[in-house]
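Results of the structural survey
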Amino acid sequence: MSTELQKEFAVLALRVATSKDRQAFAQLFDYFAPRLKSYLRSLNMSDGAAEDLTQEVMLVLWHKAHLYDASKSSLSTWLFRVARNRRIDLARRDKSALLNPDEPLLQPASVQPADEAMDDDQRDERVQLAMASLPQEQIELVRQAFFLGLSHSQISEQTGLPLGTVKSRIRLAFGRLRRALENDALVDTEF
């Protein structure tokens with residue numbers, strides 16, 4: 001799309017935003033509606049669903065044109081992003097209707113027997129003690145990796161440590177934890 005055409009669309013969108021200019025909207029509709037529908041059809045939407053979603057996206061343009069910022073993206077990018085996001089929302093809603101309330105995975109877990117709960121509590125306490133014996137830099141890396149769910153690369157970016165250092169420290173921490181727990185008589189290490 002040429003920059004002149006992008007500028008023209010930005011002006012038309014501004015006219016829709018500021019004065020609800022029907023002629024400007026009609027020009028935008030005539031240009032974008034078939035392209036949006038074709039895009040949605042390429043994403044395996046039925047003809048009717050793609051047409052409905054295209055109408056919805058064009059209504060977003062009519063009602064929310066003031067949210068479009070020509071300095072951040074072209075109108076085309078903005079409209080196609082709206083279409084993509086609406087399609088994702090629609091797919092999520094459809095998936096939620098497919099859930100079977102009798103699905104065993106959706107049922108609450110059975111109550112844990114008291115002796116198992118006590119064993120779990122004791123094991124948690126012993127793991128916490130073993131963790132406390134680690135050097136602070138290893139504790140922090142283990143916390144980020146396993147309690148916050150960060151990847152080694154993300155930890156490296158956040159801490160400024162080289163990726164190899166992050167991996168080595170986590171590996172050393174696990175070695176120390178394993179030895180500490182294996183040597184702890186109060187921890188049942190056989191699973």
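Structural notes, computed from the coordinates. Computed from a predicted model, the values in this text were never measured in an experiment.

This paragraph deals with helix α8 (residues 163-182). If you check α8, its first and last C-alpha atoms are 29 Å apart, about what 20 residues at 1.5 Å a residue would give, namely 28 Å. Looking at the buried residues of α8, the elements they touch are α5 (114-132), α6 (136-147) and α7 (152-159).

Turning next to the layout of surface pockets. The space that makes up the largest pocket amounts to roughly 200 Å³. Among the elements of the structure, α5, α6 and α8 are those that each provide at least two residues to the lining of the largest pocket.

A few words on helix α2 (residues 22-42). Over its 21 residues, α2 extends 29 Å from the first C-alpha to the last, a length consistent with the 30 Å expected when each residue adds 1.5 Å. Where α2 bends most, the angle comes to about 35 degrees, and this point is F32, followed within four residues by the proline P34. Inspection of α2 places A24, F25, L28, F32, A33, L36 and L40 among the buried residues, and these make up the whole buried set. For α2, the N-terminal cap is D21; the gap from its side-chain oxygen to the backbone nitrogen of Q23 is 2.9 Å. Positioned one or two residues after α2, N44 has a phi angle of 70 degrees, which is positive.

The next thing to look at is the side chain of Q138. Here Q138 shows up in helix α6. Those residues in contact with Q138 that lie beyond four places of it in its chain are R169, L172, A173 and R176.

Our focus in this paragraph is unusual backbone geometry. We note that K20 has phi near 50 degrees; this positive angle belongs to a residue other than glycine. By secondary structure assignment, the location of K20 is in the loop between α1 (3-19) and α2. Its identity is not glycine, yet N44 carries a phi of approximately 70 degrees, on the positive side. As for its placement among the helices and strands, N44 is situated in the loop between α2 and α3 (47-64). We classify N44 as exposed; its relative accessible area is 74%.

Mapped onto the secondary structure, R176 falls in helix α8. Linking R176 and S133, residues 43 residues apart in sequence, is a C-alpha distance of 8.8 Å. With near-sequence residues (within four places) excluded, R176 lies in contact with L134, P135 and Q138.

Below, the discussion takes up the packing of α6 against α7. Between α6 and α7, whose axes approach to 10 Å, the crossing angle comes to 135 degrees. Put simply, α6 runs oblique to α7. Where α6 crosses over α7, the handedness of that crossing is right-handed. Here L141, Q144 and A145 of α6 come into contact with α7, specifically with I155, Q158 and T159.

Our focus in this paragraph is the packing of aromatic side chains. In total, this model carries 8 aromatic pairs according to the counting rule given. Between Y68 and W78, the aromatic rings sit 5.7 Å apart at their centres with planes inclined by 55 degrees, giving tilted as the arrangement. Placement of Y68 in the loop between α3 and α4 (75-97) and of W78 in helix α4 is noted, with a sequence separation of 10 residues between them. Centre to centre, the rings of F146 and F174 are 4.9 Å apart; their planes meet at 85 degrees, and the pair counts as edge-to-face. Here F146, found in helix α6, pairs with F174, found in helix α8; they are 28 residues apart in sequence, far enough to count as distant. The exposure class of F146 is partly exposed, given its relative accessible area of 48%. In this structure, K20 packs its charged tip against the face of W62, placed 5.1 Å from the ring centre.

The rules we used
- Residues numbered from 1 in each chain as written.
- Predicted model: local features only at pLDDT ≥ 70, side-chain atom pairs only at ≥ 80, totals over all residues.
- Heavy atoms only, no water.
- Helix = DSSP H or I, 4+ residues; strand = E, 2+ residues; numbered from the N terminus.
- Expected span 1.5 Å × (residues − 1).
- Contact = heavy atoms within 4.5 Å.
- 1 Å grid on protein atoms, 1.4 Å probe; cavity = no way out; pocket = protein on both sides within 12 Å on 5 of 7 lines; lining within 4 Å.
- Points joined across faces, edges and corners; volume = space filled by probe spheres on them.
- Bend = angle between axes of the 7 residues up to and from the residue.
- Buried < 20%, exposed > 50% of the residue type's maximum accessible area, 1.4 Å probe, protein only.
- Polar contact = N/O pair within 3.5 Å; in protein donor to acceptor, adjacent residues only side chain to side chain.
- Axes fitted to C-alpha atoms, helices over the stretch in contact; angles between N-to-C directions.
- Parallel < 35°, antiparallel > 145°, perpendicular 65-115°, else oblique.
- Left-handed = near helix turned anticlockwise from the far one by under 90°.
- Phe/Tyr/Trp six-rings, centres within 6.5 Å; stacked < 30°, edge-to-face > 60°.
- Lys NZ or Arg CZ within 6 Å of the ring centre and 35° of its normal.

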